[in-house]
Amino acid sequence: MPRSKGEADYSSEISSEISYLDELTISHRRHLGENDGYPDAIYMISASIFQNIHNEKPLSRRLVHYNNDLKPSIPQMKDDKLQRSVYDLAFSALKYQEILEEILINSSFYPSESVSVDSTSLVLVMLYDYQNRKFLPRNISDTEAVIPEVREVEKCLWNCKTKLAAALARCRIKNDAVSIHLILPESVRNQEKRACSLPLYAWVNVLKTSVEDVTSLLESKGFTKVKCAGELEGLSFCEDRHCQDVLLFPTQLTPKLNDMELVTSHKMIIQDKGRSLAPHSVKVLMNMDDDIVITNAGSRLTIAHMSTLINQNLSKLYVCGVKSEMEQNDLKNLFEKMGCKSTCLTLHYLHSL
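Keep in mind the model is a prediction, meaning the values are calculated, not measured. (Residues numbered from 1 in each chain as written. Predicted model: local features only at pLDDT ≥ 70, side-chain atom pairs only at ≥ 80, totals over all residues. Heavy atoms only, no water.)

Give a detailed account of the sheet that holds strand E8 (residues 343-345), specifying residues and quantitative values.
Read across the sheet, 3 strands follow the order E6-E7-E8 without closing on themselves; strand pairing throughout is parallel. Two strands bound the open sheet, and with one partner strand each, they are strand E6 (292-294) and E8. Adjacent strand axes in the sheet meet at a mean angle of 20 degrees, parallel and antiparallel pairs treated alike. Bridge analysis of E6 against strand E7 (residues 317-319) gives 3 bridges, and the strand direction is parallel. The partner of Ile294 across the bridge, within E7, is Val319. The strands touched by helix H14 (residues 300-309) within the sheet are E6, E7 and E8, with E7 carrying the most contacts at an inclination of about 165 degrees. (Pairing = 2+ DSSP bridges. Helix = DSSP H or I, 4+ residues; strand = E, 2+ residues; numbered from the N terminus. Axes fitted to C-alpha atoms, helices over the stretch in contact; angles between N-to-C directions. Contact = heavy atoms within 4.5 Å.)

This is the structure in structure tokens:
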């Protein structure tokens, strides 16, 4: 195997490319994951996530090896859509890890003298996307930032595509499955089926619009308002029973909603209902002019939601534990876009104040 490279090299390489992701135009973003492949930086960051979460088999059963001393840090992305692409890719590779490893072994791709053990996670992530594109080449933009390691792994996979495709076919035949999805254990497939049946939640940013205006806009776009979650189907939505600013949609509408001006302009925020319950629970306990202290700047969208629910003229929201000035500036920019004027950020933790 080639020489292993250090964690610092990985971190600096990822950090140098993260700015490119934030500068992607809307037209570029719209095509992410639509069988065109991803930019180099997304593969690299997804591989870093996968490196931290992959399943490690007992040594006696381990055929594919990862550099477990390598624990690269995961950079924070400003763009939620890009972040979803990164995590979707990483967790898809995790879900199919055993199958992908079997393909690498049966195709004789692994072990490979041309690919370092440091790149095993990158190989798994790119192989998942490669087979998902039916082993077709990705569309690469002329303006895309190049990461040599990604291009090298891509070249190796391309040179071995016939053997990889044959290994996948043998795996499907062995398991009597028409697709790679059907090779997954039934318990995993049942979990996915249940997840797809769950509604998509979004809360209305009342600092920029109102539930009534959002309802009217959605109906003008062909959406139908229904009475309850059980009636959600096609272009439909309903109001949540517990949180008056939360709307429910069929989960299949996620891509469509993400491209709507309602979401891109921060008038409606897609977020799981579990995150919305906390701000609403606090709101019930508040007096008109009470201030709130958040001890840890964890979920920026939950902080913003809390800010929309309080009286902007009389109450203040103090957020402690912001990790760096860069994160502080990112949060300020986001809150300005969302119209949150009552939020105060501090780099100090609560116990040090």
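Help me get a handle on the side chain of Ser299, residues and values and all.
Along the polypeptide, Ser299 turns up in the loop between E6 and H14. In this structure, Ser299 is in contact with Gln271 and Arg275, ignoring residues within four places of it in sequence.

I'd love a proper account of helix H6 (residues 120-132), names of residues and values included.
One turn of the α-helix equals 3.6 residues, which is why residues spaced by three or four share an orientation. Helix length check: H6 (13 residues) gives 18 Å between terminal C-alpha atoms against 18 Å at 1.5 Å per residue, within 8%. Taken across its 13 residues, H6 has 12 buried, putting it largely inside the fold. All of the buried residues along H6 are Thr120, Ser121, Leu122, Val123, Leu124, Val125, Met126, Leu127, Tyr128, Asp129, Tyr130 and Gln131. Those residues of H6 that are buried are in contact with helix H3 (40-53), helix H4 (80-95), helix H5 (97-106), helix H7 (148-159) and helix H8 (161-174). Of the residues trailing H6, Lys134 is marked for its positive phi of about 55 degrees. (Expected span 1.5 Å × (residues − 1). Buried < 20%, exposed > 50% of the residue type's maximum accessible area, 1.4 Å probe, protein only.)

How would you explain unusual backbone geometry if you had to name every residue and give the values?
Apart from glycine, the bulk of residues carry a negative phi angle, and the bulk of peptide bonds sit in the trans form. Going from Tyr110 to Pro111, the amide bond is cis rather than trans, its omega being 0 degrees. You will see that Ser108, though not glycine, has its phi angle at about 65 degrees, which is positive. By secondary structure assignment, the location of Ser108 is in the loop between H5 and H6. Looking at Ser108, the relative accessible area reads 56%, which means it is exposed. Of note in this structure, Asp176 is not a glycine but carries a positive phi near 50 degrees. Tracing the sequence through the fold places Asp176 in the loop between H8 and helix H9 (186-197).

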